[in-house]
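So you can see what is in the structure, the chains are spelled out below.
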Amino acid sequence: MKKKKRVLIIGDSLAMPRPDVCYEDTWVYKLIKALPELEFIDKTMRASTSERLVTEGGGDNNNPYGADLLEHYMPDIVVMQIGIVDCAPRYIKKGSLENIILNRIMPRSMRTVYMDLIKKNRVRDPQKAYVPRHRFRSNLSNYFQRADNHNVKVIAIMIAPVTSAFIDKSPFANQSIKNYNNIYHDLSRDFGNVDLVYPFDDVINLEDVTIDGYHINLEGHDIIFRILMKQICPK
């Protein structure tokens, strides 16, 4: 019996169901349903960052770190939607002394008061993103190279911009998204196995395809599904 081509999906909450989007409406489910001739492995996880690509599984001479998202499955194609969690500007830098004190030492009642003060006196800072740009580049480069070594095609969904309402809460969000997308662009020129897809063209109103400024609604999932169908099954 002919072996099915294997497609590994790596995504964050943008690829997953939410209160407003049931699983059957996600682009992940739509792909699986539309292409029964392919074998899909769904490795989506909320709050995913590019760190998963180089930490999840493996860790010895035979299996590199990150093997749970590549080498242990040896897919033919990887579909990736990663980046918004990496690049989103934050009030507090992850791993900083302030972050440690806030989450491990400070009582919950004081934590709430402290965060309220921060939100009144600070702006979300792109320099305090969860994954710094140099680390994001390193993670992607490592993964793309490993995929290339195994003749695996990677279809990377670039980070979509956020809406104006979201910008009101995080003024530097779209600039940060642009900076991280530039890394995707740079690396795609270095790796012939990587295809980039932009989820929403300029004629699409982001307000019409998002729920909260960046999580996508039913229409957003359908648009991405149709784009991926063309990438996976080109005519």
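Here the structure is a predicted model, which is why all the values come from computation and not from measurement.

### Details of the nonpolar core
- One finds Val78, Met80, Leu140, Tyr143, Phe144 and Tyr184 to be the most contacted residues of the largest nonpolar core, which totals 35 residues.
- For this core, the secondary-structure elements that each account for two or more residues are strand S1 (6-11), helix H2 (52-55), strand S3 (77-81), helix H3 (84-87), helix H6 (133-149), strand S4 (153-157) and helix H8 (173-190).
- For this core, the element with the most residues is H8, which contributes six residues.
- Leaving out residues up to four positions away in the same chain, Val78 has contacts with Leu8, Ile10, Leu70, Tyr143, Val152, Lys153, Val154 and Ile155.
- Formed by 24 residues, the second largest nonpolar core is a distinct cluster that contains Val7, Ile216, Ile224 and Phe225.

### Points about the layout of surface pockets
- Size it by volume and the largest pocket reaches roughly 500 Å³.
- As for the largest pocket, its lining consists of 22 residues, of which Ala88, Pro89, Arg90, Arg124 and Tyr130 are closest to the centre.
- Contributions of two or more residues to the lining of the largest pocket are made by H3, helix H4 (97-105) and helix H7 (164-169).
- Residue classes in the lining of the largest pocket are distributed as twelve nonpolar, four polar and six charged.

### A few points about the packing of H4 against helix H5 (residues 108-121)
- Look at H4 against H5: their axes get within 10 Å of each other, and the N-to-C directions meet at 140 degrees. Handedness of the H4/H5 crossing: left-handed. Contacts from Glu98, Leu102 and Asn103 of H4 reach H5 at Arg111, Tyr114, Met115 and Ile118.
- Taken together, the residues that form the contact of H4 with H5 break down as four nonpolar, one polar and two charged.

### Observations regarding empty space enclosed by the protein
- Using the criterion set out here, one finds two cavities of 30 Å³ or more in the structure.
- When its volume is computed, the largest cavity comes out at roughly 150 Å³.
- Considering the residues around the largest cavity, the lining is formed by 17 residues, among which Leu14, Gln81, Met158, Ile159 and Ala160 are closest to the centre.
- For the lining of the largest cavity, the per-class residue count stands at 13 nonpolar, three polar and one charged.
- Taken as a whole, the second largest cavity encloses approximately 30 Å³ of empty space.
- The wall of the second largest cavity is formed by Ile84, Cys87, Ala88, Pro89, Val162, Phe166, Ala173 and Ile177.
- Within the residue set of the lining of the second largest cavity, elements represented by two or more residues are H3 and H8.
- For the lining of the second largest cavity, a count of residues per class yields eight nonpolar, no polar and no charged.

### Quick word on the side chain of Arg90
- Along the chain, Arg90 falls in the loop between H3 and H4.
- Within polar-contact distance, the side chain of Arg90 engages the backbone oxygen of Val85 at 3.3 Å.
- Within the structure, the side chain of Arg90 is placed 3.3 Å from the backbone oxygen of Ala88, a separation counted as a polar contact.
- Apart from residues lying up to four places away in sequence, Arg90 is in contact with Val85, Val123, Arg124, Asp125, Lys128, Ala129 and Tyr130.

Cut-offs applied
Once a new chain begins, its residue numbering starts again from 1 and follows that chain's sequence as written. Given that this is a predicted model, residues contribute local features only at a pLDDT of at least 70 and side-chain atom pairs are listed and counted only at 80 or more, while totals for whole chains, interfaces and linings are drawn from all residues. As a rule here, side-chain values come from all non-hydrogen atoms in the structure, and water together with hydrogens is ignored. Put simply, buried Ala, Val, Leu, Ile, Met, Phe, Trp, Tyr and Cys residues joined by side-chain atoms within 4.5 Å make one nonpolar core. For each residue, the accessible area found with a 1.4 Å probe, counting protein chains only, is set against the maximum for its type, and the residue is called buried under 20%, exposed over 50%, and partly exposed in between. Here a helix means four or more residues in a row that DSSP labels H or I, a strand means two or more in a row labelled E, and each is numbered from the N terminus. Contact between two residues is taken to exist if any of their heavy atoms lie within 4.5 Å; hydrogens are not considered. Points on a 1 Å grid over protein atoms alone make up a cavity when a 1.4 Å probe fits among them but cannot get out, and a pocket when they form an open set with protein on both sides within 12 Å along at least five of seven lines; lining residues each have an atom within 4 Å of a point. Grid points are joined across faces, edges and corners, and a volume is the space filled by probe spheres set on the points. Here the term charged refers only to Asp, Glu, Lys and Arg, the term nonpolar to Ala, Val, Leu, Ile, Met, Phe, Trp, Tyr, Cys and Pro, and the term polar to all other amino acids, Gly among them. Where helices are involved, their axes are fitted lines through C-alpha atoms of the stretch in contact, as for all axes, and angles between N-to-C directions lie from 0 to 180°. It is the rotation of the near helix from the far one that decides the hand of a crossing: anticlockwise by less than a right angle makes it left-handed, clockwise makes it right-handed. Counted as a polar contact is a pair of N or O atoms within 3.5 Å, where, for protein atoms, one must be capable of donating a hydrogen and the other of accepting one, and residues adjacent in sequence contribute only when both atoms are in side chains.

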